[in-house]
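So you can see what is in the structure, the chains are spelled out below.
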There are 6 protein chains.
Amino acid sequence: MTQWNIQNIVDELQEARNEWRTQRKSLKDFGGRELPSKDEIKKIMNDLCGILFPMRLGPHDLRQQSENLYIAHTLEKTLHSLLEQIKLNLTYDYKYKKHNENTDVIEVLAQSIVSEFAQKLPNIRRILDTDVIAAYDGDPAARSVDEVLLCYPGILAIIYHRVAHEFYKKDLSLLARLIAEIAHSKTGIDIHPGAQIEQGFFIDHGTGVVIGETCVIGKNVRIYQAVTLGAKRFEVDDSGRLQKEYARHPIVEDNVVIYAGATILGRITIGQGAVIGGNVWITQSVAANSAVSQSSATKTEV
Amino acid sequence: MTQWNIQNIVDELQEARNEWRTQRKSLKDFGGRELPSKDEIKKIMNDLCGILFPMRLGPHDLRQQSENLYIAHTLEKTLHSLLEQIKLNLTYDYKYKKHNENTDVIEVLAQSIVSEFAQKLPNIRRILDTDVIAAYDGDPAARSVDEVLLCYPGILAIIYHRVAHEFYKKDLSLLARLIAEIAHSKTGIDIHPGAQIEQGFFIDHGTGVVIGETCVIGKNVRIYQAVTLGAKRFEVDDSGRLQKEYARHPIVEDNVVIYAGATILGRITIGQGAVIGGNVWITQSVAANSAVSQSSATKTEV
Amino acid sequence: MTQWNIQNIVDELQEARNEWRTQRKSLKDFGGRELPSKDEIKKIMNDLCGILFPMRLGPHDLRQQSENLYIAHTLEKTLHSLLEQIKLNLTYDYKYKKHNENTDVIEVLAQSIVSEFAQKLPNIRRILDTDVIAAYDGDPAARSVDEVLLCYPGILAIIYHRVAHEFYKKDLSLLARLIAEIAHSKTGIDIHPGAQIEQGFFIDHGTGVVIGETCVIGKNVRIYQAVTLGAKRFEVDDSGRLQKEYARHPIVEDNVVIYAGATILGRITIGQGAVIGGNVWITQSVAANSAVSQSSATKTEV
Amino acid sequence: MTQWNIQNIVDELQEARNEWRTQRKSLKDFGGRELPSKDEIKKIMNDLCGILFPMRLGPHDLRQQSENLYIAHTLEKTLHSLLEQIKLNLTYDYKYKKHNENTDVIEVLAQSIVSEFAQKLPNIRRILDTDVIAAYDGDPAARSVDEVLLCYPGILAIIYHRVAHEFYKKDLSLLARLIAEIAHSKTGIDIHPGAQIEQGFFIDHGTGVVIGETCVIGKNVRIYQAVTLGAKRFEVDDSGRLQKEYARHPIVEDNVVIYAGATILGRITIGQGAVIGGNVWITQSVAANSAVSQSSATKTEV
Amino acid sequence: MTQWNIQNIVDELQEARNEWRTQRKSLKDFGGRELPSKDEIKKIMNDLCGILFPMRLGPHDLRQQSENLYIAHTLEKTLHSLLEQIKLNLTYDYKYKKHNENTDVIEVLAQSIVSEFAQKLPNIRRILDTDVIAAYDGDPAARSVDEVLLCYPGILAIIYHRVAHEFYKKDLSLLARLIAEIAHSKTGIDIHPGAQIEQGFFIDHGTGVVIGETCVIGKNVRIYQAVTLGAKRFEVDDSGRLQKEYARHPIVEDNVVIYAGATILGRITIGQGAVIGGNVWITQSVAANSAVSQSSATKTEV
Amino acid sequence: MTQWNIQNIVDELQEARNEWRTQRKSLKDFGGRELPSKDEIKKIMNDLCGILFPMRLGPHDLRQQSENLYIAHTLEKTLHSLLEQIKLNLTYDYKYKKHNENTDVIEVLAQSIVSEFAQKLPNIRRILDTDVIAAYDGDPAARSVDEVLLCYPGILAIIYHRVAHEFYKKDLSLLARLIAEIAHSKTGIDIHPGAQIEQGFFIDHGTGVVIGETCVIGKNVRIYQAVTLGAKRFEVDDSGRLQKEYARHPIVEDNVVIYAGATILGRITIGQGAVIGGNVWITQSVAANSAVSQSSATKTEV
């Protein structure tokens, strides 16, 4: 009846989905859609940025004398949205693991996660302040701390990460990853929400930075664009499947600097105060206060 | 009369455009604007994602029992928008090549392209399912296939690529490139729509990946961030101009893994099952099942 | 009264902000918010793109015969918005430097900057035309100059840069950096607005490119993804603080080509016509017309 | 702290609300907001208009060959929204009447109301067709039935009424009244959702028409602007309060015509075929086929 | 498959539409939707108001020095939109009358209508200025002419009418009626686009005013809310159908004042300078300079 | 150059505006646009409705426990917007009256008006509560006070009026009138902001009600649709111009009921407790507790 045999294509797409669902078995007919919403999470993160730095990342016409009114109202609204997303994440987890869903348990759990998260916000702000200072102190091109907050992708990435990490710690994997990917898409910086990062962290330029799930990063670490803190190889179990969830990424101690393009792989330790040169490839631990740089392995021909 | 001598600036801008148009001659006064619209194509791609994966990438409040109603309606609407964009692309091509435009020919051609594309959608979905599984199986950090679909930039990039490639094969160069650039801007992954990629393809992290126009990639290939599959050098014709449209990018056979930052250039072949280490620089073919890694060319000073 | 002790969190956030403000002292109670707005600047840049390339980047339904009406109206509107942002930037600078604010001086200064910028637009268009041609001539995959304007992130980046650089020259640091970061987020190309770049500049693919504040780039330079033109090390003053604003990035002379992933650091000179190979690491000047490439420092194991 | 003593005003507004709540007692702390949403209902009504008259009141770019796809998808979506509003209405009613709320009962009841309503839509369309014909036949200025559907406020009012009346019959008073008021605001025609109106009803011009809750209107009745079909006086109960819900508005039999400004009050009967002249005031029944007109009670002075 | 038997309802709605289409025969399968769009016309009218009164009804941030830039750009855009709507109206008329459609004829005709309309705009503005003065002079509550333009529904109604009447004269019945109904919905004033109204026309308050298709209204006429200038009775042809398109509404000569609620019916003449009192009912001509008022036909009871 | 001689029309429109400006002389070249904005005022009024009745007219997802957070934030934001509109109104007044503008005086005056208005809000809420009760008690069709607040146009009209009247008392004529006209357009009820109305006021149905500038209305007055409380005739001064600003509309004492369509004209008094019947025409004072009704001036013909 319609052009293009729409009905026929619809039927074949249905068949393709059926094949997939049969094949994977993990996706039963939930009769609903228990997944956090990327759009909602984008709004939540925008609002959290405003709550944390009202005069810099809040609404443009905010006045300092009304900061608290703005924060109170926005916080209340945002925590409700967050509660909704957390419940969707928990419901999804229950179903995915084929446990019986229990609405009440989920409600109580979600409420307690939101409540705990909300209490932590002032401290998150304090840690982010150390990141802002680290950026200002670490970049000769930075004219002011305001420029840092408004313009540096590394700052956006660490704000999003510090929030995402809180949810990662609560096993809200989907929510945490969605937050991380929103930041990745905006900045080109890909920090897995599992990474543990202490205060005074600064990523300059940032595009291409990858920081893996089990990384542990100390205080006042500075890294540049295209740095990878990755896994060396993946362990497989007896059936040949990748093993998940074991420590496989580097430990970077306090005051380390890692220049652009360096690749650091595996559960090794970069000792405190070490300086890792640009483009180097490191798969073994580096002693504290040492400097590693690329050999001058290029030749010139006229 | 107005501030800033607006009229004067307008006139000078007109003059600058005239210079350009005279100089290039290729841009005659079309009396209209025969170009596909980036905004329209963004909408079309969003809708196609929903049509292919309704419960994951479709509207957030979609219920499984109404998937087919949603798909039927959206597909019909989207194919009409697509038809419009294809006609704009074809009209542009005709004018650019200074052929006589023929509205009827364009209409018939556009209709047949849309129709053929629509028939392929179920198969595109099936191939994308193999990509999703490849991502899930290939990343220890992946908790579920849903996380893969919602959060992995590599998945978004391959969805967009598989659609763009269909239009590339129909010589709709502008449309195909616009789709590819929308994905590039969102993910940092730059796959030229000409690249031929078989099933089970997975790009992890992805930022900085570049895959050239004449690449040929086999089954179950896995690549990491900042990998380049590029051209080694560009051929010039007798008049010193770059030659376009000849095979100049690598062939990557089945089951190859290419780690982060590797650069593979020219029409060489990476044999099946080969593993290319991070940051290596390859300009010659690599045998099947071989492993190439960077020499340990870094030195440490304390 | 409310769930989650909102008032308590608000108070603690206030305390965190107070600590920060006390600590930094540079942020007094301005009683307002003297900062350029990222959202406004996004709109301004969109409109400037339309003004510069009306039939390609202007509104989709624009007809060639009404280009000038569109430009006149949009230019007038955009210059007013720009004036507003420039005044915010100047006011911020005055306050940040603790000078007495003087509304009249700021108004006069802002007006003259806008006026001068407006006069330069036709010339900016002419230079951008050379960049478009450079892209078309430099990429074998480019089918038409229209494809270049619509699809190449490198073109978007250079349009934004040429505008941002004008404001950088007027010491409008925040405004210039915000424009640069908008382009960085869209393209993965990070050009500091301070960089001086002559005509015919082309960045291909682009993701991961970083060009530092004091770079000087000659005519017809072509660079590829992930190239860094950076500082080698940062000078510190007697108190151990980073010195800012001195020439610390490379000079790249006319007709240089720099392939993907090359890292060029420090105030060195890449002589005219030199070709820098992919992934090389350069910290010393390179003679004119020389070619530098990576040694074949990889080993293969079967 | 803030200008204008915001906190003080907030507290006083709280006090005013407390006074009201204490005084009325009917508004306990529901801890939520169980009220249908006017904005949602506006969307639902817009969509229902499109479902009923797809090519005239549906989306502007709808093609006739895709009517059914559009209707199926929109109907499914709209019935879900409607279900939500009906549940809000039912929950409100339960709380207002201080019954124990029972979510399951409400769900079942709401589902059955939606289901029954959906089945009636084809018939509602058929009756509305008779109204469209009545308008076309009854107005010498009508050029086509399409003009009637697109331009006549009387048609919009009767579409909304026929839908609202279905919900009124199910005791969904708030929902029904909100629909009626949306139409009233758009057209100036105020039909209480309780009014029973048979087929072929036409209101011309319409502004100022008021039709009361217990009106009964036969087939093919035609009325003009500013006609009131109202109650004569209100009965009070022993305690002096208005009695609600008894028959107090006119019965208008088949084929009656009532000209502009006529006022007909009380439970009287206008016999079939009667013609009521403009501006007359009627409080007693009128015989079938009679004509009532205003006496010529005006005088002219030069 | 879906809840609520959607498919079943869709089928029955299809059947209802089929019955209607069969029955009316005038609506053949056009395969498209040739109807002007209410939403588009709303935008066009908004823009025309801005073009006619830029500093009062144009965009809020317009500056007087850029009036002409704004008008030129908006006019060009609006005339194109208008052209589109006129072509839809003409196409509809052709199909409705079962003439062969001829795209070229329609294009030429539409172009000439738009062109002629555009030339008339300055004159329409001049006549509207007389209406504004009439309102200011005629209402003791008016504080300024700006208040009149911004706040008086009667002014909005006459702006829309003077535009609609131009299209009525070109037989664009649907377009004209849609404009009239948009004004009716906003103001409660229902002026048929056919009415001929000379300069200096003022309607105060306005709600409920109805002015019929064949009315002829002279200079400097003032009328109040709820006035009807209507038809007395409708002529029927031999087959009993209403006759359309003959002169059936009043002629109101220069300088007449008609107070609120007066009803004037039939092709009678209200002589120049006559004053018609509130609520009177007039079906016969009134001599020039006479005054007609309601007899004091009310009684008081204590 | 462009179609339709745009430039020519622009020039002629300019000429028409020049004629007008010359002629009226009152509109000098302000170089700006000092007029309150209708769109801004619509937003302000929406927010004020939410502030006054948060759980009924506030945002749909508001929870009772966060009423105060919502009110505090919204109030602060709204008062700032209001301040802006008031300054525009005052600036306009200064210019219109050809006084020297004095920005500081305007700022101080505007601040004090906003501050005073804000303090009055709790009391406005209390009076509106009496209006809500009056509506509930006065209409047999009202099922609940919530239905009254959500659905009754008369309630919306009185909320807007009580706010507008506050600004009228401060001589902010334009602002007050704009608020009144927004309500008029939504409800068909036209209350001049000058009217003084005491508590417990109820308008049922409402379409066509007109209440003049100098009306004085006592407590617990109830009126119906199409009632006019107007001026009998307008006084002219020696030069024949209408006199403005003198008492010319009725005084309606406590507990009066006025039925639909009644017209009451001139500075007369309707004594307390009087009942005015529908459609009557009154130009002389009515004693307290009397009842006035229309004589039965209609005749019936069979």
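Structural notes, computed from the coordinates. (Residues numbered from 1 in each chain as written. Chains lettered and ligands numbered in written order. Predicted model: local features only at pLDDT ≥ 70, side-chain atom pairs only at ≥ 80, totals over all residues. Heavy atoms only, no water.)

Taken together, the contact between chain E and chain F spans 65 residues of the former and 67 residues of the latter. Together, the buried faces of chain E and chain F total about 5900 Å²; carbon and sulfur atoms form 54% of this surface. Ranking the residues of chain E by area buried against chain F places E:His60, E:Pro140 and E:Arg143 at the top, with a combined share of 12%. Between chain E and chain F we count six salt bridges in total. Two residues, E:Glu147 and F:Arg177, come together in a salt bridge whose shortest N-O distance is 3.0 Å. Joining chain E to chain F, the criterion identifies 15 residue pairs in polar contact (both at pLDDT 80 or more). Within the residue set of the side of chain E that touches chain F, elements represented by two or more residues are α2 (38-52), α3 (54-57), α4 (67-96), α5 (103-138), α6 (145-151), α8 (173-187), β6 (222-224) and β15 (298-301) of chain E. With 15 residues, α5(E) is the single largest residue contributor to the side of chain E that touches chain F. Along the lines of polarity and charge, the residues of the side of chain E that touches chain F split into 30 nonpolar, 20 polar and 15 charged. (Contact = heavy atoms within 4.5 Å. Buried area = accessible area lost by both parts, 1.4 Å probe. Salt bridge = Lys/Arg side-chain N within 4 Å of Asp/Glu carboxyl O. Polar contact = N/O pair within 3.5 Å; in protein donor to acceptor, adjacent residues only side chain to side chain. Helix = DSSP H or I, 4+ residues; strand = E, 2+ residues; numbered from the N terminus. Nonpolar A, V, L, I, M, F, W, Y, C, P; charged D, E, K, R; others polar.)

Here the focus is helix α2 (residues 38-52) of chain A. Relative to the 21 Å expected for 15 residues at 1.5 Å per residue, α2(A) spans 21 Å between its end C-alpha atoms, a close match to the ideal helical length. Turning to α2(A), its buried residues number three or more, namely A:Ile41, A:Ile44, A:Met45, A:Leu48, A:Cys49, A:Gly50, A:Ile51 and A:Leu52. (Expected span 1.5 Å × (residues − 1). Buried < 20%, exposed > 50% of the residue type's maximum accessible area, 1.4 Å probe, protein only.)

Taken together, the 64 residues of chain F in the interface contact 67 residues of chain D. A combined buried area of about 5900 Å² lies between chain F and chain D, and 54% of that area is made up of carbon and sulfur atoms. Considering only the side of chain F, the residues that lose the most area to chain D are F:His60, F:Pro140 and F:Arg143, jointly responsible for 12% of the buried surface there. Connecting chain F to chain D are six salt bridges. Note that F:Arg126 is salt-bridged to D:Glu19, the shortest N-O span being 2.8 Å. At the junction of chain F and chain D, the tally comes to 15 residue pairs in polar contact (both at pLDDT 80 or more). Every element with two or more residues in the side of chain F that touches chain D is listed here: α2 (38-52), α3 (54-57), α4 (67-96), α5 (103-138), α6 (145-151), α8 (173-187) and β15 (298-301) of chain F. Here the side of chain F that touches chain D is built from residues that sort into 30 nonpolar, 19 polar and 15 charged.

So, on to the packing of aromatic side chains. In total, this model carries 18 aromatic pairs over all chains according to the counting rule given. With a centroid separation of 6.2 Å and an interplanar angle of 40 degrees, the aromatic rings of D:Tyr152 and D:Phe202 are classed as tilted. Note that D:Tyr152 is positioned in the loop between α6 (145-151) and α7 (153-169) and D:Phe202 in strand β3 (residues 202-203), a separation of 50 residues in sequence. By relative accessible area, which is 4% here, D:Tyr152 ends up buried. Just above the ring of B:Tyr246 sits the side chain of B:Arg248; from NZ or CZ to the centre is 5.6 Å. (Phe/Tyr/Trp six-rings, centres within 6.5 Å; stacked < 30°, edge-to-face > 60°. Lys NZ or Arg CZ within 6 Å of the ring centre and 35° of its normal.)

Right, let's talk about the relation of the copies chain F and chain D for a bit. Here the two chain copies are tied together by a rotation about an axis and a shift along that axis. The operation relating chain F to chain D is a screw motion whose rotation component is 120 degrees, with 0.0 Å of axial translation and a residual RMSD of 0.0 Å. Interpreted geometrically, this transformation is the action of a three-fold axis. (Least-squares fit on C-alpha atoms with pLDDT ≥ 70 in both.)

A few words on the packing of helix α5 (residues 103-138) of chain B against helix α7 (residues 153-169) of chain B. All names here are of chain B. Running from N to C, α5 and α7 point in directions that differ by 150 degrees, and their axes come no closer than 10 Å. Of the two possible hands of crossing, α5 and α7 adopt the one that is right-handed. Within the contact between the two elements, α5 uses Phe117, Lys120, Ile124, Ile127, Leu128, Asp131, Val132 and Ala135 and α7 uses Ile155, Ile158, Ile159, Arg162, Val163, Glu166, Phe167 and Lys169. Broken down by class, the residue content of the contact of α5 with α7 amounts to eleven nonpolar, no polar and five charged. (Axes fitted to C-alpha atoms, helices over the stretch in contact; angles between N-to-C directions. Left-handed = near helix turned anticlockwise from the far one by under 90°.)

Looking at chain direction, strand β12 (residues 275-276) of chain D and strand β14 (residues 291-294) of chain D are connected through two bridges and run parallel. Residue pairing for β14(D): D:Val275 is matched across the bridge by D:Ala291. (Pairing = 2+ DSSP bridges.)

Time to look at the sheet that holds strand β7 (residues 228-230) of chain F. Residue and element names in this part refer to chain F. Taken together, five strands build an open sheet; the order of strands is β1-β4-β7-β10-β13 and the sheet is parallel. The sheet is open, and its two edges are formed by β1 (190-191) and β13 (281-282), each paired on a single side. Bridging between strand β4 (residues 210-211) and β7 involves two bridges; their strand directions are parallel. Bridge pairing in β7 places Val210 opposite Thr228.

The next point concerns the sheet that holds strand β5 (residues 216-217) of chain F. Residue and element names in this part refer to chain F. Ordered by their spatial adjacency, four strands build an open sheet running β2-β5-β8-β11, and the pairing between neighbours is parallel. Strands with a single pairing partner mark the edges of an open sheet, and in this sheet they are β2 (196-197) and β11 (269-270). Sheet topology note: the β5/strand β8 (residues 251-252) ladder contains two bridges and is parallel. Residue Val216 lies in a different strand from β8, and its bridge partner there is Ile251.

Attention now goes to the relation of the copies chain E and chain F. Overlaying chain E with chain F gives an RMSD of 0.0 Å, the required rotation being 120 degrees about an axis along which the chain moves by 0.0 Å. When the interface residues of chain E are mapped onto chain F, a mere 6% of them are again interface residues, pointing to distinct binding faces.

Evaluation of the coordinates by the stated rule reveals 106 salt bridges over all chains. As a salt-bridge pair, D:Lys169 and D:Glu166 come within 3.7 Å of each other at their nearest N and O atoms. Note that D:Lys169 and D:Glu166 are positioned in helix α7 at a spacing of three residues, about one turn of the helix. Residue D:Lys169 is classed as partly exposed on the basis of its relative accessible area of 48%. Among the ionic pairs, F:Asp146 bridges to F:Arg56, the shortest N-O distance being 2.4 Å. In this pair, F:Asp146 sits in helix α6 while F:Arg56 sits in helix α3, placing the two residues 90 residues apart along the sequence. Residue classification places F:Arg56 among the buried residues on the basis of a relative accessible area of 13%.

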